[in-house]
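If you want the building blocks of each chain, they are given just below.
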Amino acid sequence: PDMSTGMILFEKEAGVWTITMNREKKLNALLPEMIVELCDVLEEARRDHAVRSIVLRGAGRSFCAGDDLHPEERFKYGNPDLQTRLTVGYARLVTEIVQMRKPVGAMVRGYAVGAGMDLALACDFRFAAPDTKMAAIFVKRGLGGGCAYLLPRYVGFGKATELLLLGEMVEADEALRLGLVTGVVEEAALGDETYAFARKMAKAATAAIGAIKLA
């Protein structure tokens, strides 16, 4: 395996790249430097023709607890303006995944909330452990805008409005019913199920998948 170091890990194996958010003690909450590194790794995957499928996951017991809002970390270089947020912040990361002309899957467990929910929804398939909790939690953090593009495309305008305005947790079974996840898989089989699908996608027609995603 070819592993990087630090808060973003990636592993290459037989056409499938695994990208891991590696900030376990903070439930993989995103710092600005993590977002930039994730974007760089995704760009490398996009350019490498040997990469035919990608799995995104979080280290430890959670997928991603969203943006880290700790003021000392978040704003240590000054309070970013909107343009900076869009080009350096997680909106850029979501766009990178959506526009990736290769299949991208998420292996989800624990919390996938806020920016973490957006990252999962940006992927093309999501396999979730039974303990998964998803939420467009932005309103409870005094924020707005996150998930507003992707969420209505999964659940419809009315339900998306409800989830965005309430910011309440959606358990795994409800997430499956709403179409927020592709499948709910027992924890012991989660990796096998996710990678079986990722390898199936890696053997499929990558150019056609890219064209479908672009459309």
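Residues numbered from 1 in each chain as written. Predicted model: local features only at pLDDT ≥ 70, side-chain atom pairs only at ≥ 80, totals over all residues. Heavy atoms only, no water.

This part covers the overall build of the protein. On a plain count of helices and strands, the protein comes out with ten helices and nine strands. By sequence separation, contacts in the protein at least 24 residues apart represent 71% of the contacts at least 6 residues apart. Element-wise, carbon and sulfur atoms account for 56% of the exposed surface of the protein, whose accessible area totals about 10500 Å². (Helix = DSSP H or I, 4+ residues; strand = E, 2+ residues; numbered from the N terminus. Contact = heavy atoms within 4.5 Å. Areas by Shrake-Rupley, 256 points an atom, 1.4 Å probe, with all protein chains shown as cover.)

Turning next to the pattern of salt bridges. Under the definition given, this model contains ten salt bridges. A salt bridge links E44 to K12; the nearest nitrogen and oxygen atoms lie 3.9 Å apart. Of this pair, E44 sits in helix α1 (residues 32-47) while K12 sits in strand β1 (residues 8-13); the two residues are 32 residues apart in sequence, bridging distant segments of the chain. Of the residues examined, E44 reaches a relative accessible area of 35% and is grouped as partly exposed. One salt bridge connects D68 with R23, and the closest N-O pair in it is separated by 2.6 Å. With D68 in the loop between β3 (53-58) and α2 (71-74) and R23 in the loop between β2 (16-21) and α1, the pair connects residues that are 45 residues apart, well separated along the chain. Just as D68 is buried, R23 falls in that class too. The structure contains a network of salt bridges with shared partners spanning E43, R46 and R47. (Salt bridge = Lys/Arg side-chain N within 4 Å of Asp/Glu carboxyl O. Buried < 20%, exposed > 50% of the residue type's maximum accessible area, 1.4 Å probe, protein only.)

This next bit is on the packing of α1 against helix α4 (residues 90-98). Remark: α1 packs on α4, axes separated minimally by 9 Å, with the N-to-C direction vectors making an angle of 20°. Relative to α4, the element α1 lies roughly parallel. α4 is crossed by α1, and the crossing has left-handed handedness. Here I35, L38, C39, D40, L42 and E43 of α1 lie close against α4, whose contacting residues are Y90, R92, L93, E96 and I97. Looking at the contact of α1 with α4 residue by residue, the classes come out as seven nonpolar, no polar and four charged. (Axes fitted to C-alpha atoms, helices over the stretch in contact; angles between N-to-C directions. Parallel < 35°, antiparallel > 145°, perpendicular 65-115°, else oblique. Left-handed = near helix turned anticlockwise from the far one by under 90°. Nonpolar A, V, L, I, M, F, W, Y, C, P; charged D, E, K, R; others polar.)

Turning next to unusual backbone geometry. Its identity as a non-glycine residue notwithstanding, L27 has a phi of 55°, on the positive side. Summarising the element assignment, L27 is placed in the loop between β2 and α1. Of note in this structure, C147 is not a glycine but carries a positive phi near 70°. Mapping C147 onto the fold places it in the loop between β7 (133-135) and α6 (151-155). With relative accessibility at 2%, the residue C147 sits in the buried group.

Right, let's talk about the packing of α4 against helix α5 (residues 115-122) for a bit. Their axes nearest at 8 Å, the elements α4 and α5 cross at an angle of 15°. It follows that α4 is roughly parallel to α5 by the angle criterion. Seen along the crossing, α4 lies across α5 with a hand that is right-handed. Where α4 approaches α5, its residues Y90, L93, V94, I97 and V98 are matched on the opposing element by A115, D118, L119 and A122. In terms of residue class, the contact of α4 with α5 is made up of eight nonpolar, no polar and one charged.

With that out of the way, let us pick up the pairing of strand β6 (residues 125-128). The alternating pattern of β6 places F125 and F127 on one face and R126 and A128 on the opposite face, and all of these are buried. Pairing between strand β4 (residues 104-108) and β6: four bridges, direction parallel. Across the sheet, residue V108 finds its bridge partner in β6, namely A128. Where β6 and strand β9 (residues 183-184) come together, two bridges link them in parallel fashion. Within the sheet, the bridge partner assigned to F127 lies in β9 and is G183. (Pairing = 2+ DSSP bridges.)

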